[in-house]
Amino acid sequence: MADNDAPPTPRLRRVKMTKYDQRGVSASKEDVHAAIQHLDKGLYPNAFCKILPDLAAGNAKYCNLLHADTAGTKTSLAYVYWRETGDLSVWPGVAQDAIVMNLDDMACVGCTNDIILSSTIGRNKGLIPAEVIAAVIRGTSDFVEKMRDHGVNLHLAGGETADVGDIVRTIDVGFTAFARMKRSEVLVPSIRAGDVIVGLASFGKSTYETEYNGGMGSNGLTAARHDVLSKNYAEKYPESFDPGLPKEVVYTGNRMVTEKIPIGNQMISVGKLILSPTRSYLPVLQEILQMYRKKIHGIIHVTGGGQTKVLKFVRDVHIVKDDLFELPPLFKLIQESSETPWREMYQVFNMGHRIEIYLPARHADAVMAIAEKYSIEARVIGRVHSNVGEKVTVKSPFGAFEYI
């Protein structure tokens, strides 16, 4: 083709980058979803996680789930806190973070029991000594025991710990989970107009937690860490962040990890508040599903994408969230430190609840009562209306925000 016959250079659409984008992360992971769009979506394409035929036994009445996830950049904050304090107690929570990011996704399709777990830990051996690895592994077994005490059976299948300092700056903690379940028990979202939305709080202290949970989960940690913590940590621990990041988005806050702030009638350090282990809802959801599985039209794990997560699992409905929980202190701290626009806050963070259950209004009180048995606050946070196309509206004390 001659030069003058070359096709015109395509115009690039200019998109205003958020600080979250500038830090090399994405709340909605558009590039990842684009990369995998051609892959087989499994038996139930609209399910919250991929479901395969029963490859283990070949029984047409059963299916398999294989799920993988990590604690993300929460390990970087744990590293900074541990280096500052010498406190190994934050590392077991990191193991829980990685496990729960698998388990609670699987619970959204109705799988809450008899799950096999395998770990993959990559560390920089020069910075992460044996006692940290021991604390992570101990946290794994302690969490499994805790869940077993509440009727949830998890099974450890070992794993791999690799010294990969060339590619991991500090430590990366991930888990793969496998389960086999009856196809008749699979829950595929069929969210419809008329449903109410029961939210389960991400903060507080459940009956199976030993400390107050700030509600962070394992999403938005990159933003929280850099927006809240002092630039001092960039100088002390350059290994805790990507050296390619623009300096203006690295540790831009003014808080120290050991600084204590009031939460109710207690004082909690900033580091421990953000590092609160990701709460698992498996004991609660197992009981709810035992009684109301056929009544529920969808369970959404509010992770990447925050309050807009549900958009990936609905058609032609308008999700209106107009009675959310009072904003927990942790998210107030993040917003005040960062001055992040509230619209972006609701798109990045769970903002107070990490599970949404969509079902007819007549069952809402009973479902909320089950959650409250575990000291997990629950409330009807909104409703579903018919619409042409998909839309979420969040009505908050800080304004109303629409997402499509």
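Residues numbered from 1 in each chain as written. Predicted model: local features only at pLDDT ≥ 70, side-chain atom pairs only at ≥ 80, totals over all residues. Heavy atoms only, no water.

Caption draft 1: Molecular detail of helix α9 (residues 282-292). With nine of eleven residues buried, α9 is to be regarded as a mostly interior element. Listed in full, the buried residues belonging to α9 are Leu-282, Pro-283, Val-284, Leu-285, Gln-286, Glu-287, Ile-288, Leu-289 and Tyr-292. (Buried < 20%, exposed > 50% of the residue type's maximum accessible area, 1.4 Å probe, protein only. Helix = DSSP H or I, 4+ residues; strand = E, 2+ residues; numbered from the N terminus.)

Caption draft 2: Quick peek at helix α5 (residues 130-149). Helix length check: α5 (20 residues) gives 29 Å between terminal C-alpha atoms against 28 Å at 1.5 Å per residue, within 8%. Among the structural elements, α3 (74-85), α4 (90-107), β3 (115-123), β4 (154-163), β5 (171-182) and α9 are those in contact with the buried residues of α5. Remark: Gly-151 follows α5 within two positions and exhibits a positive phi of approximately 80°. (Expected span 1.5 Å × (residues − 1). Contact = heavy atoms within 4.5 Å.)

Caption draft 3: Local environment of the side chain of Gln-286. With respect to the helices and strands, the residue Gln-286 is situated in helix α9. Judged by relative accessible area, which is 11%, Gln-286 ranks as buried. Residues within four places of Gln-286 in sequence aside, it is in contact with Thr-112, Asn-113, His-150, Gly-151 and Val-152.

Caption draft 4: Here's a closer look at the sheet that holds strand β12 (residues 378-386). Strands sit in the order β9-β11-β6-β12-β10-β13-β14 across an open sheet of seven strands; the sheet is mixed. Each of the sheet's edge strands pairs with one partner strand only, and the pair in question is β9 (298-301) and β14 (399-403). With strand direction ignored, the average angle separating the axes of adjacent strands in the sheet is 20°. Pairing between strand β6 (residues 196-201) and strand β11 (residues 353-359): six bridges, direction antiparallel. Residue pairing for β11: Ala-201 is matched across the bridge by His-353. (Pairing = 2+ DSSP bridges. Axes fitted to C-alpha atoms, helices over the stretch in contact; angles between N-to-C directions.)

Caption draft 5: The packing of α3 against α4, seen in detail. Relative to each other, α3 and α4 sit at 175°, their axes nearing to 10 Å. With respect to their mutual orientation, α3 and α4 come out roughly antiparallel. In this structure, α3 contributes Lys-74, Thr-75, Ala-78, Tyr-79, Tyr-81 and Trp-82 to the contact, and α4 contributes Val-90, Trp-91, Val-94 and Asp-97. Each residue belonging to the contact of α3 with α4 can be placed in one class, and the counts come to seven nonpolar, one polar and two charged. (Parallel < 35°, antiparallel > 145°, perpendicular 65-115°, else oblique. Nonpolar A, V, L, I, M, F, W, Y, C, P; charged D, E, K, R; others polar.)

Caption draft 6: Examining the pairing of β3 more closely. Where β3 meets β4, eight bridges bridge the pair, whose relative direction is parallel. Across the sheet, Ile-115 pairs through a bridge with Leu-154, a residue of β4. This β-α-β element, β3 to α5 to β4, shows right-handed connectivity. Relative to β5, β3 runs antiparallel, the two sharing eight bridges. Within the sheet, the bridge partner assigned to Ile-121 lies in β5 and is Val-173. (Right-handed = clockwise from strand over helix to strand, strands pointing away.)

Caption draft 7: Quick peek at the packing of α4 against α9. One way to put it is that α4 packs onto α9 with a least axis distance of 10 Å and a crossing angle of 10°. Here α4 lies roughly parallel to α9, going by the angle between them. α9 is crossed by α4, and the crossing has left-handed handedness. Between α4 and α9, the contacting residues are Leu-103, Asp-104 and Ala-107 on the first element and Leu-282, Leu-285 and Leu-289 on the second. (Left-handed = near helix turned anticlockwise from the far one by under 90°.)

Caption draft 8: Molecular detail of the packing of aromatic side chains. Within the structure shown, the criterion is met by 13 aromatic pairs. Ring plane angle 85° and centroid distance 6.0 Å describe the contact between Phe-241 and Tyr-251, whose orientation is recorded as edge-to-face. Of this pair, Phe-241 sits in the loop between α7 (232-236) and β7 (260-263) while Tyr-251 is found in the loop between α7 and β7, placing the two residues ten residues apart along the sequence. The pair formed by Phe-241 and Tyr-251 is uniform in burial state, with each residue classed as buried. Through successive ring pairs, a cluster of aromatic residues spans Tyr-79, Trp-82, Trp-91, Tyr-233, Tyr-237, Phe-241 and Tyr-251. Arg-180 extends its terminal NZ or CZ atom over the ring of Tyr-62, reaching a point 4.1 Å from the ring centre. The ring of Phe-325 carries Arg-379 above its face, with NZ or CZ at 5.6 Å from the centroid. (Phe/Tyr/Trp six-rings, centres within 6.5 Å; stacked < 30°, edge-to-face > 60°. Lys NZ or Arg CZ within 6 Å of the ring centre and 35° of its normal.)

Caption draft 9: Molecular detail of the pattern of salt bridges. Under the counting rule described, the total for this entry stands at 14 salt bridges. For the salt bridge of Glu-259 with Arg-255, the shortest nitrogen-to-oxygen distance reads 2.7 Å. (Salt bridge = Lys/Arg side-chain N within 4 Å of Asp/Glu carboxyl O.)

Caption draft 10: Expanded view of the environment of Thr-176. When you line up the elements, Thr-176 lands in strand β5. On a C-alpha basis, the gap between Thr-176 and Ser-119 in space is 6.4 Å, while along the polypeptide they are 57 residues apart. In this structure, Thr-176 is in contact with Leu-66, His-67, Ala-68, Ile-116, Leu-117 and Ser-118, ignoring residues within four places of it in sequence.

Caption draft 11: Expanded view of the sheet that holds β3. Taking strand neighbours across the sheet as the criterion, the five strands line up as β1-β2-β5-β3-β4 in an open arrangement whose pairing is mixed. Edge strands, defined here as strands with exactly one partner in the open sheet, are β1 (51-53) and β4. Averaged over neighbouring strand pairs, the angle between their axes works out to 20° when direction is ignored. Against the sheet, α4 contacts β2 (62-70), β3, β4 and β5, and its axis sits at roughly 35° relative to β5.

Caption draft 12: Structural context of the confidence of the model for the chain. Per-residue confidence for the chain gives a mean pLDDT of 92, with 91% of residues at or over 70. Here residues 1-16 is a poorly scored stretch, pLDDT under 50, and it has two contacts once near neighbours within four places are set aside; other chains count. (pLDDT = per-residue confidence, 0-100.)

Caption draft 13: Quick look at the nonpolar core. Within the largest apolar cluster, 125 residues are counted, with the highest numbers of intra-cluster contacts made by Trp-91, Ile-115, Val-198, Leu-200, Ile-319, Phe-349 and Ile-357. Among all residues touching Val-198, those that are not within four sequence positions of it are Ile-355, Glu-356, Ile-357, Leu-359, Ala-364, Val-367, Met-368, Ala-378, Arg-379 and Val-380. (Core = buried A, V, L, I, M, F, W, Y, C linked by side-chain atoms within 4.5 Å.)

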